[in-house]
Amino acid sequence: YFDPLPFYYAPLEVQATDTAQYPLAAITQRPMAMYHSWDSQNAWLRQIHAHNYLFVNEKTAMAEGIADGDWIWVESAHGRVRCMCRHSNAVEPGTVWTWNAIGKA
């Protein structure tokens, strides 16, 4: 991997996962209001961001018959969790995201 020109190779997690069974990539990030804070320890921010949604591109969700606001199971090779889906065109098709700062339940 010491080629002087940039090139793409699949991340190790993708190489070790059956992408036919688990075709979506999941990422986490913080909502803007959560930066420079103590995350979910701040009661005022918990009122602004009261729910930890899974944001899915509208086309990806509709292809699976998932409506905006539906409760869904998200499953990976490591386990599964139940969450509420929100459609968002700010997410690329094939990718889902949620924030990493508030989901403590």
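Residues numbered from 1 in each chain as written. Predicted model: local features only at pLDDT ≥ 70, side-chain atom pairs only at ≥ 80, totals over all residues. Heavy atoms only, no water.

Colleague: With reference to specific residues and values, describe the state of the cysteines.
Modeller: Tallying each qualifying case throughout the model produces zero disulfides. With no disulfide of its own, Cys85 lies 7.4 Å from the sulfur of Cys83, the closest cysteine sulfur. Cys85 sits in the buried class, given a relative accessible area of 0%. (Disulfide = S-S within 2.5 Å. Buried < 20%, exposed > 50% of the residue type's maximum accessible area, 1.4 Å probe, protein only.)

Colleague: Any chance you could break down the side chain of Ser88 for me, citing the residues and the numbers?
Modeller: The residue Ser88 is located in the loop between strand E4 (79-87) and strand E5 (95-99) in this model. Given the relative accessible area of 16%, Ser88 is considered buried. Looking at Ser88, its side chain comes within polar contact range of the main-chain nitrogen of Ala90, at 3.2 Å. If we skip the residues at most four places from it in the chain, Ser88 touches Phe55, Val56, Asn57 and Glu58. (Helix = DSSP H or I, 4+ residues; strand = E, 2+ residues; numbered from the N terminus. Polar contact = N/O pair within 3.5 Å; in protein donor to acceptor, adjacent residues only side chain to side chain. Contact = heavy atoms within 4.5 Å.)

Colleague: Help me get a handle on the layout of surface pockets, residues and values and all.
Modeller: Over the atoms rolls a probe the size of a water molecule, and in doing so it shows where empty space is left. Approximately 1200 Å³ is the volume attributed to the largest pocket. What lines the largest pocket is a set of 42 residues, among which Ala26, Leu54, Val74, Glu75 and Val96 lie closest to the centre. Those elements that place two or more of their residues in the lining of the largest pocket are helix H1 (12-15), strand E1 (25-29), strand E2 (54-56), helix H3 (58-63), strand E3 (71-76), E4 and E5. In terms of residue class, the lining of the largest pocket is built from 26 nonpolar, 11 polar and five charged. (1 Å grid on protein atoms, 1.4 Å probe; cavity = no way out; pocket = protein on both sides within 12 Å on 5 of 7 lines; lining within 4 Å. Points joined across faces, edges and corners; volume = space filled by probe spheres on them. Nonpolar A, V, L, I, M, F, W, Y, C, P; charged D, E, K, R; others polar.)

Colleague: Which residues make up the pattern of salt bridges, and what values do they have?
Modeller: Should their charged atoms come close, side chains of opposite charge can pair. Going through the model one piece at a time under the given rule, you end up with one salt bridge. Among the salt bridges present, the one from Arg86 reaches Asp68, with a minimum N-O distance of 3.5 Å. Placement of the pair is Arg86 in strand E4 and Asp68 in the loop between H3 and E3, with a sequence separation of 18 residues. (Salt bridge = Lys/Arg side-chain N within 4 Å of Asp/Glu carboxyl O.)

Colleague: Before we move on, could you go through the sheet that holds E3 and cite the residues and values that matter?
Modeller: Across the sheet, which stays open at both edges, the five strands sit in the order E1-E5-E2-E4-E3 with mixed pairing between neighbours. Looking at the sheet topology across the chains shown, the edges are occupied by E1 and E3. Mean inter-strand twist for the sheet, computed between neighbouring axes without regard to direction, equals 40°. (Pairing = 2+ DSSP bridges. Axes fitted to C-alpha atoms, helices over the stretch in contact; angles between N-to-C directions.)

Colleague: Before we move on, can you summarise the packing of aromatic side chains with the specific residues and values?
Modeller: Under the defined criterion, the tally for this structure stands at three aromatic pairs. With 6.1 Å between their ring centres and 70° between their planes, Tyr53 and Phe55 make a pair best called edge-to-face. Under the relative-accessibility criterion, Phe55 is labelled buried at 17%. Taken together, Tyr53, Phe55 and Trp97 form an aromatic cluster joined through their ring pairs. The ring of Trp73 carries the charged tip of Arg80 above its face, separated from the ring centre by 3.7 Å. For the cation-ring pair, Arg86 lies above Tyr53, with the distance from its terminal atom to the ring centre recorded as 4.6 Å. (Phe/Tyr/Trp six-rings, centres within 6.5 Å; stacked < 30°, edge-to-face > 60°. Lys NZ or Arg CZ within 6 Å of the ring centre and 35° of its normal.)

Scope: geometric values only; no functional claims are made or implied.
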